[in-house]
Structure formats: C-alpha cells, structure tokens
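# Secondary and tertiary structure notes
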Amino acid sequence: MIPERTASTEVDDAILAPLADPPDRAEVVIVGGGIVGASVAYHLTALGARDVLVVERGRLTNGTTWHAAGLVAEARGTHALTALSKGNADLYERLPGETGVETGFRRVGSMTVARTPARMQEYLAAASVARDAGIDVQVLAPRELAERWPPIVVDDLVGGTFYPRDGTVNPADAALALAKGARDRGARFAFGVTVTGFRSAAGRITHVRSDRGEIEAGTVVLAAGLWTGELARLLDVRIPLYPAEHVWVITEPTAGADERLPILRDLDGYFYVRHYRGGYMVGAFEPRGRPRSPADVDPGGFVEWGPDWEHIEPVLAKARERLPELRGIGFRHFLRAPESFTPDANLHLGAVPEIGGLFVAAGMNSQGIIFAPGVGRALAEWIVSGHPTMDLTEVDVARSQRWQGNRSWLHARTTESLGRLYAMHWPGLQPSTGRGVRRLPLADRLRAAGAAFGEAAGWERPAWYEPGASAEPDWGYDFDRPSWFGAVAEEVRAARQAAAFIDLSSYAKFLVQGPGALAGLERLCTSTLDRPPGRVVYTTICNERGGIEMDPTVTRLREDAFLVVAPTLHQRRTEALLRSGLPSDAAVVDVTSAYAVLHVAGPRSRELLGSIVDADLGPDAFPFFTAREVDVAWATALALRVSYTGELGWELYVPSEFAAGVYDAIVEAGAPLGLRHAGTFAFDALRLERGFRSWGHDVGPLDDPFASGLGFAVDPRKQAFVGSGVLAGLRGSRLERRLVSVRLADPAPMLWHGESVLRDGERVGHVTSGAYGATLGAAVGLAWVHRFDGVDDDWLASGRWSVEVRDRTVPAVVQAAPFYDPDGSRARS
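Below, the structure is looked at part by part. The residue count restarts for each chain, going from 1 along the sequence in the order it is written. Local features in this predicted model are restricted to residues whose pLDDT is 70 or higher, and side-chain atom pairs enter the listing and the counts only when it is 80 or higher, whereas totals over whole chains, interfaces and linings include all residues. As a rule here, side-chain values come from all non-hydrogen atoms in the structure, and water together with hydrogens is ignored.

Attention now goes to the environment of His411. What counts as a helix is a DSSP run of H or I of at least four residues, what counts as a strand is a run of E of at least two, and both are numbered from the N terminus. Structurally, His411 is set in helix α10 (residues 407–420). A C-alpha to C-alpha distance of 37 Å links His411 and Cys542, two positions 131 residues apart in sequence. In what follows, a contact means two residues having at least one pair of non-hydrogen atoms within 4.5 Å. Aside from chain neighbours lying at most four places away, what touches His411 is Tyr242, Pro291 and Ser293.

Right under this line is the structure:
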C-alpha cells in the first residue's frame, strides 16, 4: 500500500506518453484532464472506443482533482445519485491490478454522526436508499459510534450510520490510474493545449479550436471542472456552475490518529475528519461559503490562496468539540483552493440540448472523487449507445435554464451552494440566496392573500397560503408535520368540496405554428393531434426506445397552430425536443412569459366562472379536454377545460398585462362560494390522490407509457411516430416493473420521495412522489415496483405491502388505480 497522498503536484503523467501536438481529428475530444475527464476516457475505451483524445490546458489533475480530500462513499441521498456513486470503491480497488498504477485506496469505512433527532431521520432515509441498492449500512447508537471512533465525544449525539465499504483514495493517483487504463486501450493525451473556441454546423459541433491548432471532432465532452461554464460560453451555451473556496487543514501527527479509523462526518458541525499520515485532515462545508469569480482563479493550475484562519475557526471550534485531541495539536498544511458548485448542488451531466454532439460532465460540488467513476461510465454509455442507459434526469444538464448562467446571480447563490452539502436536507428545503429572479404577474396580490413563496426554476410560486397573514409565512421544516401541513390540507379540501384558485403561470408554454406544425407534432407525439381546433390532447413524446421524453398537453388553436404546455422545470428540455424534432416549416416560439395561467378547480368552479365568463360552461357546450377563447371580466382568455387536480376545472391563459383584472374578478366571484387560494403543495397532493404522473419525478426517458400507466396516451391506430414500432410491441406485454399508487395505512407518517416499498418484507421498489392526501386521511404517493415474473393486478392485490419511512415500516395499500375518483368522472362532470 502506497502512502496517503493529496495536494500532490507531482503526478507522473509521462507514463501516458502525451502527444507533442494534438492530432487534426479525433472521434471524441474530452476537454479536461482531471479525474472526471480521465474516467470518461477510461470508460469510453472500455466500451470499444479507440479514437479518444483528452486535451488539458496544464497537466493531469492540475484543476481541482489534485487537492481533493479523497473521500469515497458508495451511497448518496437519492436512488439516482446512488446509482452513479455505487461501485466507485470497487473500481479504485481494482485499478492497480489492471493498470499498474497504485490508487492508494483504503477501505476504512465511513461514519456519519447526528447531533439532533431530525438529522438522524435524514440518515435513516438515506440508509433505506442504500439498502435498496444493496449497499451495507449499519445504524449505530452513540456507544457504538465511540467504539468505532474512540477519540470522539458522543455524549451529545443521537446516533449515526456506518458504511463499511467506503474508504479513502489518493485523488491524483486515482486519476492517473484511470488515464493509464484509457491510454492502454488507445486513448491519447495532449497537455499544454488551451481550447480557444469551437465550430459547429447544422446544429452540431464539428471542431475544437485551440492555441495549437484546430481538431475536427465527432463528439466533444466538456469535463473542465470550474472552467466548463466559461468554455460553454464560447458556444453561446450557459452551464451554471461557479467557483468557491474549499478548505481543509492537516494536523501534525498525533497518537489518536489510527490509520484504521473510518471517515468521520459531522454534518451538524459542518466538517469531516479522516486519517492522514499519522494526523487528521479536517475539511469544512461551512454554511456561508466564499464564491470566487472565475477571473480570480489562475488558469495555470495548482491554485492555492493561502490560509484564512478567521474564516474556518467556527468550524474548527465544532470539530474540537467532537474531537478534543485537536485542541492540543498544531497544523502542518492549510489548503484553501477552488472547487466548482452548481445552483442546486447537483452535478451537470449529459448532452447539451441545443448543440448535437456536445456533452458535459462537470459541477461535481466537491464530490468528484465520489462520482467520477459513475459519471464516466454513464456518459460513455450515453455516447456509445446514443442515449442514456440509466436515470439521469436529476443531474441532466438540460434541467438548467439559460438565465442561471448569469455570473452575478451565480456568485450570490454559491455562497449557499457549498454549505448545502452539509445542511439539513429537509423535504421542501428552500434556498435563501438568489431569490426573486422570476416573479409571477400576480406576485403582489398573491402575497397579500397570504402566500408563502417557494422557488422552482427561478420562479417564485406560492407553495401554500395563510389567509390574513401580515407577513410572508415562515417555512417550518419537519419530516412529518411541517408548518404548512394544516394550511395545505384546507386547500385540498377546498378543491374537493368547493373551489380553489391556483396560479400556474410558470408552466412552460410554446406556440408551434406553420405548414409543418401538424405533421411535425404528429411524428413526435404518441396521441393523434389531428382533431378539430379547440381540442386539448394529453400526450407523451417518446424516444426511439419507447421511453417518455416529455408529457405535454397540446391544444389545437387553428389548422396550423398549436399550444404546447409542459412542466415548469422542463422548459429548456421541451423547447429542445420541439426544435430538434419538428421540420423547418414549423416555427417554435416560447410564450411562457406572455401568458399568465389562472386555474380554478373544484365542484363549484363552473358556477364561479360562469358568473364572470361570457360563455356557456355547461358540460355539453364546453366538454372536458376542449378549449375556447372567451371573454372573462374585462379581458379575453383562452380557456382550457382541464385540471391536474382531478376535479372539474378550467385553466385560463390570459395575456400577462390583463391577469390582475381577471384575478380580481375570480376572487370577488368566489368569495361567497368558498373559494380558497391553493399553492404548489396542495396541487401536488391533489394530483397524487388522483394518481396523475409528473415527468422528471415519476416518469422519464427510461420509462415506457404502458409501465407508467399512460398507455391511454398511445393511440393504437396511429403509426409512424417516434418509437411507434417499439411501443406497438410493448402493448399488452408482461410488465416487469410498474408505476402504482400507494397509500399508508397509518395516518401519522408522511411520504415525500425515495421511501422503500416492501412486499412480504422484500424490497420491490420505491416511492417517486409523495404527499399527504387530506381527502384520504393518510399519506399517498406513486411508486415503481418490480418483479421479474411480472407485476399484474393479482400480485398487487396479494401479499403484505409496507413502506419503510425512515425508522418505521408502515403497512400500506398498493394498487394500479388511483385512490381518488379512479374513473375520472368528477373532472368530466
């Protein structure tokens, strides 16, 4: 075993036989010679790609890999992230035998301690995710924590978890081993090459420009760490990530520092500790980080900014509380160096929607050592197969918006992004920085109505309301009964029993028009859209493998004009699907900001709107899933008779400048009818009671409509649309996995996301979306369940079903049909 090593600038990259000059062409050009770029090259060549070129401005690992702490963890907080991290330790362990380069991997395990009951609940939720992935995890009492880490104080601890397969690795050595593996299979490396630009043609990248010539490329991967955003700007693409200072210190040798000690994480204290050469390394993820402009980072590499003891002292004080031995020893190295962070603390991975052949693997949020093996594998499989092979929606670069690349906004948000890694990961947790970017036309009126605003894709949207509140309500977080629980229940009841007003203006909205609009949309969508003007169609857009790329509603406005409406969070993805999938004679215009969407739902919505709309809203005159232009109050609106709540309702698409007047009329007319404002939490609960799916949460590109319960959106009479052949074969076939509704039998626990689903004690799936169903009197959600012999109704109806809700195994009911109004008769009334 080689010695532990980090902050190493002496990496023997000569064993890679680097090129004196880059070639004129390579099939795949990877920009960035850190551990992520090396992993992409390693996995590409493992899949048979040989014409792979890695270009790096400096030397191997000289960006951020060289100073990484070397922590290796197999489990993360969600199923998708755990799928990316699982197997990293095994790869680091086997690389020396494969490549001859030692990685310094030590399987010492990792231990995370909780100072509060709430933090322990967070750890227990993560433990369920780990068990679903087959990762060994042990839940420990304070006494057991002390047995594994004798030097620490445990008197104030609630408990903790231990992952025995985790460990530490030498970051630069691990990157070199990956690079060597790629080189042995034919990859080439060129150092001292500065990328200065790119060329593209017909919407696809074609060349990489550098200070040492131009390189023709079939595919380009931006894996340049904190410089990735700046490189993307050369293509007029925005990848939101931003540098911040990351700090760790290494102590002098001390008697208590046993090399067998596991990694120690005290998230409530904002620090981690690991053994390092007879002493301790103490690293910080402080609540308020220090962002640094990219212009402040020397492009020469191996950047350190020198000690700042005042900034780290509050974290060191907490570390000394936990590990008193730190009080009497000195420090031999203070590292303050750049890392890159993203606005939502999730990495960026995947294909850039606007430019074919351009991929990104960056923004690791100081977790590059953890994620590099999985990121490299996932991206290599995507490039070679032409599509994602695992669920990457959570980290897909397409989730970000162009405006998020604004450097000033990124600077403000990054003060918080670093600390969010160790902050409490509450359900519904809201950022406190960079707020107020996108505001609804009715924002002031909604605040006056008692709105508590939550952020989604930069939009400030009412999450719930407290009528009569003089100030915006505080967010009181809890795993079972957060501060909004009672208010949301009342909003749900109003929608079920009377009427609710919900502002949906943040919906992504696109006008598709032109001679090719109908034919183009018919090719993209699984439902038949050639209906008379005024018809609304819920549909799916699938890929060639039958996976769901999006599930919009499409309204035919005229013979050659359609309104396409998609979820708020997927504006960029939807636009890319339309622009890449439609012919040149179909124009796509983003009209998201042009229209407010005012939704009124509930059994009294017809009565309410009938008093202010100059049109017959009766069931025969205005049937379900139709649209009409109507006069409402003093405005003209496009009214769609649809509702994601499962109730009778209309969405009014009102030009933004007319929204206030229409809103005032709705509120006045609704007062005697029991109208209540409802926010996004109630909206989510209503749709889950009714079993409605949400793209990106419940379904995605790896899920077909039949397994997802959306087979009705695939017209069996229709042919020649994307994925039609595969979907025809799937219709009526055995379902080895299925999206189902789940309801807890106990009214006390809450469902949020990721809870494990068990049948007869066996893990068979997990919850994708959850909420409290006030109508049902218990938590309700959707969950994927799987069985090799098929998931049929008989199997669902039998067995003992339960959900693992952190520290409780709660009996549950699981069924294919929704628990509320399964035949949809209320919405059609």
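From this point, the discussion proceeds with the structure in view.
Quick look at the sheet that holds strand β35 (residues 737–744) now. DSSP-based pairing: two strands are paired if at least 2 bridges between them are found. Ordered in space as β35-β38-β37-β36-β39-β40, the 6 strands form a closed barrel in which the pairing is antiparallel. Between one strand axis and the next, the sheet turns by 40° as a mean value, whatever way the strands run. In the sheet, strand β37 (residues 762–773) pairs with strand β38 (residues 778–786) via 8 bridges, with the strands oriented antiparallel. The residue bridging Val767 from the neighbouring strand is Ala783, located in β38. Axes here refer to lines fitted to C-alpha atoms; in helices the fit is confined to the stretch in contact. Angles between the N-to-C directions go from 0 to 180 degrees. Most of the contacts of helix α17 (residues 680–689) go to β37, to which it runs at about 130°, and overall it touches β37 and β38.

Another aspect to go through is helix α12 (residues 485–497). Under the convention used throughout, the expected extent of a helix is 1.5 Å for every residue step, that is, one less than its residue count. Over its 13 residues, α12 runs 18 Å from end to end, which matches the ideal 18 Å to within 8%, given 1.5 Å per residue. With a 1.4 Å probe rolled over the protein chains alone, any residue whose accessible area is under 20% of its type maximum counts as buried; one over 50% counts as exposed, and the rest are partly exposed. Every buried residue belonging to α12 is among Phe485, Ala487, Val488, Ala489, Glu491, Val492, Ala494, Ala495 and Arg496, and all of these are buried.

Attention now goes to the packing of helix α1 (residues 35–46) against helix α6 (residues 171–184). A pair of packed helices can be characterised by two numbers: the angle between their axes and the separation between those axes. Two numbers describe how α1 lies on α6: the axes approach to 8 Å, and their chain directions differ by 30°. The angle between α1 and α6 places the two elements in the roughly parallel class. Here α1 runs over α6; the crossing is left-handed. From α1, Ile35, Ala38, Ser39, Ala41, Tyr42 and Thr45 reach across to α6, where they touch Pro171, Ala174, Ala175, Leu178, Ala179, Gly181 and Ala182. Here the term charged refers only to Asp, Glu, Lys and Arg, the term nonpolar to Ala, Val, Leu, Ile, Met, Phe, Trp, Tyr, Cys and Pro, and the term polar to all other amino acids, Gly among them. Partitioned by chemical class, the residues of the contact of α1 with α6 number 10 nonpolar, 3 polar and no charged. For classification purposes, an angle smaller than 35 degrees is called roughly parallel, one larger than 145 roughly antiparallel, one from 65 to 115 roughly perpendicular, and anything else oblique. Here a crossing is called left-handed whenever its near helix is offset anticlockwise from the far helix by less than a right angle, and right-handed whenever the offset is clockwise.

Another aspect to go through is the pairing of strand β4 (residues 110–114). Side-chain direction in a regular strand flips from residue to residue, so the side chains alternate between the two faces of the sheet. Among the 5 residues of β4, 5 are classified as buried, and the element is accordingly described as predominantly covered. Going residue by residue along β4, you find Ser110, Thr112 and Ala114 tucked away on one face and Met111 and Val113 tucked away on the opposite face as well. Where β4 meets strand β13 (residues 263–266), 4 bridges bridge the pair, whose relative direction is parallel. Of the residues in β13, the one forming a bridge with Ser110 is Ile263.

Throughout, disulfides are identified as pairs of cysteine sulfur atoms within 2.5 Å of each other. Under the counting rule described, the total for this entry stands at 0 disulfides. Not part of a disulfide, Cys525 finds its nearest cysteine sulfur in Cys542, a span of 9.4 Å. Residue class for Cys525 comes out buried when judged on its relative accessible area of 0%.

Any carboxyl oxygen of Asp or Glu that lies within 4 Å of a side-chain nitrogen of Lys or Arg is treated as forming a salt bridge with it. Going through the model one piece at a time under the given rule, you end up with 61 salt bridges. Of the charged contacts, one joins Asp13 and Arg59 as a salt bridge, the two residues approaching to 4.0 Å between their closest N and O atoms. Within this pair, whereas Asp13 is found in the segment before β1 (25–31), its partner Arg59 is found in the loop between β2 (52–56) and β3 (71–72), the two being separated by 46 residues in sequence. Relative accessible area serves as the criterion here: at 11%, Asp13 is assigned to the buried category. Residue Arg59 is classed as partly exposed on the basis of its relative accessible area of 31%. With its nearest N and O atoms 2.9 Å apart, the salt bridge here joins Glu147 to Arg143. You can see Glu147 and its partner Arg143 sitting in helix α5 (residues 142–148), 4 residues apart, about one turn around the helix. The class of Glu147 is exposed, set by a relative accessible area of 52%.

Time to look at the environment of Trp464. Note on placement: Trp464 falls in strand β21 (residues 459–465). The sequence separation of Trp464 and Val767 amounts to 303 residues, and the corresponding C-alpha distance is 23 Å. For this analysis, a polar contact is any N or O atom pair within 3.5 Å, provided that within protein one partner can donate a hydrogen and the other can accept it, and provided that sequence-adjacent residues contribute only side-chain to side-chain pairs. A distance of 3.2 Å separates the side chain of Trp464 from the side chain of Glu466, its partner in a polar contact.

The next subject is helix α4 (residues 117–132). Taking 1.5 Å per residue as the helical rise, α4 with its 16 residues ought to reach 22 Å, and the 23 Å between its terminal C-alpha atoms agrees with that figure. Restricting attention to buried positions, one finds in α4 the residues Arg119, Met120, Gln121, Glu122, Tyr123, Leu124, Ala127, Ser128, Val129 and Ala130. Just beyond α4, the residue with positive phi is Gly134, at close to 75°.

As a further point, take the side chain of Thr528. Relative to the elements of secondary structure, Thr528 occurs in the loop between α13 (517–524) and β24 (536–538). One polar contact links Thr528 to Asp715, side chain to side chain, over a distance of 2.5 Å. If sequence neighbours within four positions are ignored, Thr528 has contacts with Glu522, Val537, Asp715 and Lys718.

Before going further, it helps to examine the sheet that holds strand β19 (residues 438–439). Strand order in this open sheet of 3 strands is β19-β21-β20, and the pairing throughout is mixed. Strands with a single pairing partner mark the edges of an open sheet, and in this sheet they are β19 and β20 (451–456). Where β20 and β21 come together, 6 bridges link them in antiparallel fashion. Looking at β21, one finds that Ala452 is bridged to Trp464.

So, to be careful, I would describe these as geometric facts and stop short of saying anything about function.
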